[in-house]
Amino acid sequence: AYHLLAAPPGTSGEPAGVARLHRCSTTEAQVRFMAVAPAWQRRGVGARLLASLEAEARRWGMAAVVLEARESAVPFYEAAGYAITGPGKALFGQI
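Residues numbered from 1 in each chain as written. Predicted model: local features only at pLDDT ≥ 70, side-chain atom pairs only at ≥ 80, totals over all residues. Heavy atoms only, no water.

Trainee: Go over the packing of aromatic side chains, please, and point to the residues and values.
Mentor: On inspection of all chains with the given rule, the structure shows 2 aromatic pairs. Where F76 meets Y77, the ring centres are 4.9 Å apart and the plane angle is 75°; that geometry is what we call edge-to-face. The exposure class of F76 is partly exposed, given its relative accessible area of 32%. Y77 gets classed as buried once you look at its relative accessible area, which sits at 9%. Aromatic pair Y77 and Y82: ring centres 6.1 Å apart, planes at 80°, arrangement edge-to-face. Here Y82 falls in the buried class, since its relative accessible area comes to 16%. (Phe/Tyr/Trp six-rings, centres within 6.5 Å; stacked < 30°, edge-to-face > 60°. Buried < 20%, exposed > 50% of the residue type's maximum accessible area, 1.4 Å probe, protein only.)

Trainee: Residue-level account of the pattern of salt bridges, with values.
Mentor: A complete count under the given rule lists 1 salt bridge for this structure. With a closest N to O distance of 2.8 Å, E56 and R59 form a salt bridge. With E56 and R59 both in helix 1 (residues 45-60) and 3 residues apart, the pair spans about one turn of that helix. (Salt bridge = Lys/Arg side-chain N within 4 Å of Asp/Glu carboxyl O. Helix = DSSP H or I, 4+ residues; strand = E, 2+ residues; numbered from the N terminus.)

Trainee: Can you tell me about the sheet that holds strand 2 (residues 17-23), naming the residues and giving the values?
Mentor: Strand order in this open sheet of 4 strands is 1-2-3-4, and the pairing throughout is mixed. Two strands lie at the open edges of the sheet, namely strand 1 (2-6) and strand 4 (64-67), each paired on one side alone. Within the sheet, the average angular offset between the axes of one strand and its neighbour, ignoring direction, is 20°. For strand 3 (residues 28-36) and strand 4, the ladder comprises 4 bridges, and the chain directions are parallel. (Pairing = 2+ DSSP bridges. Axes fitted to C-alpha atoms, helices over the stretch in contact; angles between N-to-C directions.)

Trainee: Outline the layout of surface pockets, supporting the account with residue identities and numerical values.
Mentor: Estimates place the volume of the largest pocket at around 1600 Å³. Forming the boundary of the largest pocket are 42 residues, of which E68, A69, R70, A73 and Y77 lie nearest the centre. Those elements giving two or more residues to the lining of the largest pocket turn out to be strand 3, helix 1, strand 4 and helix 2 (74-79). For the lining of the largest pocket, the element with the most residues is strand 3, which contributes 8 residues. Within the lining of the largest pocket, the residues separate by chemical class into 25 nonpolar, 9 polar and 8 charged. (1 Å grid on protein atoms, 1.4 Å probe; cavity = no way out; pocket = protein on both sides within 12 Å on 5 of 7 lines; lining within 4 Å. Points joined across faces, edges and corners; volume = space filled by probe spheres on them. Nonpolar A, V, L, I, M, F, W, Y, C, P; charged D, E, K, R; others polar.)

Trainee: Can you lay out the pairing of strand 3 for me, pointing to particular residues and giving the numbers?
Mentor: Relative to strand 3, strand 2 is paired through 6 bridges, and the arrangement is antiparallel. Within the sheet, the bridge partner assigned to V18 lies in strand 3 and is A35. Once strand 2 ends, the chain turns through 4 residues before running back antiparallel as strand 3. Note on the crossover from strand 3 through helix 1 to strand 4: the handedness is right-handed. (Right-handed = clockwise from strand over helix to strand, strands pointing away.)

Laid out in structure tokens, this is it:
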């Protein structure tokens, strides 16, 4: 797995965001546990984290990157070029 922590300089050490890339197979990786702190949302942190995960997936030779997202995050991923391919799993009664 590949883990990222965004800790902007000049902050109190609180992370701005986190993300993980997991190998699912020899050709597919999954974005997991990606989150951006509310104070850092809409400031490019998520986009930079996702771009870094995608770059790592390319280094691994992955043909595809998949993910499951909360409904509120779907527009972010769609703007990054991802598409809904099917229903996600419910967690605590929510998608």
